[in-house]
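Chain by chain, the residues:
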Amino acid sequence: MKGVPLKARLVLVVAAAAVLVALPPGALGSSSRTTTNTQSFTDSTGEDAAAPDITGITVSNTDGGLITFHIAISNRPTFTPDMDFLVFLDTDANATTGDAQALGADYAIELDPGAVGLFKWDGANFSAAPSSTTLTFGYDATGATIRVGIQDLGGTKAFNFGIDATSGVTTDASGNADFTNAHDDFAPDPGHGFFNYSVITKLTLKQTAFAYTPKPAKAGARLSATLAATESDTSGPVAQATVTCVASIKGVKLRATHSLANGVASCFWKVPKTAKNKTLIGKITITLKGTVLAHSFTTKIH
């Protein structure tokens, strides 16, 4: 990375500082998230005594795909105004795409005291990415912590990354960042490419709504049941799942049809005319990549 991150950093800090998101110190959100898949990456120490000394990076992710970077800094117990961090992310693990001068980085995260921003390579520069709902940061005596969700990184499941920690940044008379006396520590060391991390997530399905109609069921009429759900992979409506519909009256199963659209699974049955005053037991199930979400219901037929 020798000579490369500095050029990319100048583009970010000078052109995009205005879109950094200001957050209160230590704004990492809930600490109740359970992380898995923790990997540690070491960096050589003592390269430049005037620069923040990165000793290692620990990366982990939650089942839902929230990635945590902890950047261990041995000689900067506080986040001083002259410091900044850049995390370069090659999210398609392909050095031939993204910024060729930053080893194929597709995204970059800039962390300054009190503010953090996410940027995406647009073919010419790193431009402000769409507003992130997952990007947070913190800093303590051990170093910097940054969290970002895979949904804000194009849904990546494996990425290469490098980090640039800088001190000695000042502001000139025009308010522009001045790196004349800046000192950097790169991890990995210049000439050693990027680190690699693979995201391991556990798919979860979350019910957002359930209903059946008519309520109660009516003999001789069509009965429909709907189950709406979201999937953790995309944090959006479930898609391309298998829908299973089961309904029975006194142990006799009814024939069913089904559909799936806009995250809503629907089941349809024709209730026999002879079923009045009997009880129907129904169940609608969504299955996606081995993960199952089901909702059962019972209705007296009128």
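Calculation notes
Residues numbered from 1 in each chain as written. Predicted model: local features only at pLDDT ≥ 70, side-chain atom pairs only at ≥ 80, totals over all residues. Heavy atoms only, no water. Helix = DSSP H or I, 4+ residues; strand = E, 2+ residues; numbered from the N terminus. Buried < 20%, exposed > 50% of the residue type's maximum accessible area, 1.4 Å probe, protein only. Contact = heavy atoms within 4.5 Å. Areas by Shrake-Rupley, 256 points an atom, 1.4 Å probe, with all protein chains shown as cover. Salt bridge = Lys/Arg side-chain N within 4 Å of Asp/Glu carboxyl O. Pairing = 2+ DSSP bridges. Phe/Tyr/Trp six-rings, centres within 6.5 Å; stacked < 30°, edge-to-face > 60°. Disulfide = S-S within 2.5 Å. pLDDT = per-residue confidence, 0-100. Core = buried A, V, L, I, M, F, W, Y, C linked by side-chain atoms within 4.5 Å.

Caption draft 1: How the structure looks around the overall build of the protein chain. The number of helices and strands found in the protein chain is one helix and 24 strands. Here the protein chain holds 302 residues, and the buried ones make up 46% of them. Within the protein chain, contacts between residues separated by at least 24 positions form 60% of all contacts whose residues are at least 6 apart in sequence. Carbon together with sulfur atoms contributes 54% to the accessible area of the protein chain, which is approximately 14,200 Å² in total.

Caption draft 2: Seen up close, the pattern of salt bridges. Applying the stated criterion to the full structure yields one salt bridge. In this structure, Arg 76 engages Asp 82 in a salt bridge whose closest nitrogen and oxygen atoms are separated by 3.7 Å. Taking relative accessible area as the criterion, Arg 76 reaches 18% and is therefore assigned buried. Judged by its relative accessible area of 22%, Asp 82 falls in the partly exposed class.

Caption draft 3: Quick look at the pairing of strand β7 (residues 115–121). A large share of β7 lies buried, amounting to five of its seven residues. By the bridge criterion, six bridges tie strand β6 (residues 107–112) to β7 in an arrangement that is antiparallel. Residue pairing across strands places Glu 110 opposite Gly 117, the latter belonging to β7. Counting the residues in the hairpin turn of β6 and β7 gives two residues, including Gly 114, whose phi is positive at 85°. Bridge count for β7 against strand β8 (residues 126–128) is three bridges, and the pairing is antiparallel. Following the sheet pairing, Phe 119 is matched in β8 by Ala 128.

Caption draft 4: Up close: the side chain of Thr 91. Mapped onto the fold, Thr 91 is located in the loop between β5 (84–90) and β6. Looking at Thr 91, the relative accessible area reads 12%, which means it is buried. The contacts of Thr 91, once residues within four sequence positions are left out, are Asp 106, Tyr 107, Leu 153, Thr 156, Ala 158 and Phe 159.

Caption draft 5: A look at the packing of aromatic side chains. Summed over all chains, the structure comprises 15 aromatic pairs. Through a chain of ring-to-ring contacts, the aromatic side chains of Phe 41, Phe 69, Phe 159, Phe 161, Phe 195 and Tyr 197 assemble into a single cluster.

Caption draft 6: Main features of the state of the cysteines. In the structure shown here, the tally under the stated rule is one disulfide. At a sulfur-sulfur separation of 2.0 Å, the disulfide partner of Cys 245 is Cys 267. What sets the handedness of the Cys 245 and Cys 267 disulfide is the S-S torsion sign, and at about -75° it is left-handed. Residue Cys 245 is found in strand β19 (residues 242–249), and its partner Cys 267 is found in strand β22 (residues 264–270); the two are separated by 22 residues along the sequence. Neither residue differs from the other here; Cys 245 and Cys 267 are each classed as buried.

Caption draft 7: Focus on the sheet that holds strand β23 (residues 279–288). Read across the sheet, four strands follow the order β20-β19-β23-β24 without closing on themselves; strand pairing throughout is antiparallel. Either end of the sheet is taken by a strand with one partner, and the two such strands are β20 (252–253) and β24 (291–300). Bridge analysis of β23 against β24 gives ten bridges, and the strand direction is antiparallel. Its bridge partner being in β24, Thr 279 is matched across the sheet by Lys 300.

Caption draft 8: Structural view of the environment of Leu 103. Tracing the chain through its elements places Leu 103 in the loop between β5 and β6. Taking the relative accessible area as the measure of exposure, Leu 103 reaches 29% and is therefore partly exposed. Considering only alpha carbons, one finds Leu 103 and Phe 161, 58 residues apart in sequence, at a separation of 9.1 Å.

Caption draft 9: Representation of the confidence of the model for the protein chain within the structure. Averaged over all residues, the pLDDT of the protein chain is 88; the fraction at 70 or higher stands at 88%. Overall, residues 1–19 carries pLDDT values under 50, and its contacts beyond four positions in sequence, including any with other chains, amount to 47 contacts.

Caption draft 10: Molecular detail of the nonpolar core. Of all hydrophobic cores here, the largest spans 35 residues; its most connected members are Ile 57, Phe 69, Ile 71, Phe 85 and Phe 161. Residue contacts for Phe 161: discarding those within four places in its chain leaves Phe 41, Ile 57, Val 59, Phe 69, Phe 88, Leu 89, Pro 188, Phe 194, Phe 195 and Tyr 197.

Caption draft 11: Summary view of unusual backbone geometry. Cis peptide bonds are those with omega within 30 degrees of zero, and the linkage from Thr 213 to Pro 214 qualifies with 0°. Following Lys 215, the chain continues to Pro 216 via a peptide bond in cis, the omega torsion being 5°. Relative to the helices and strands, Pro 216 is located in the loop between β16 (205–213) and β17 (222–231). In the Ramachandran plot, Ala 93 falls in the positive-phi region, its phi being about 50° despite a non-glycine side chain.

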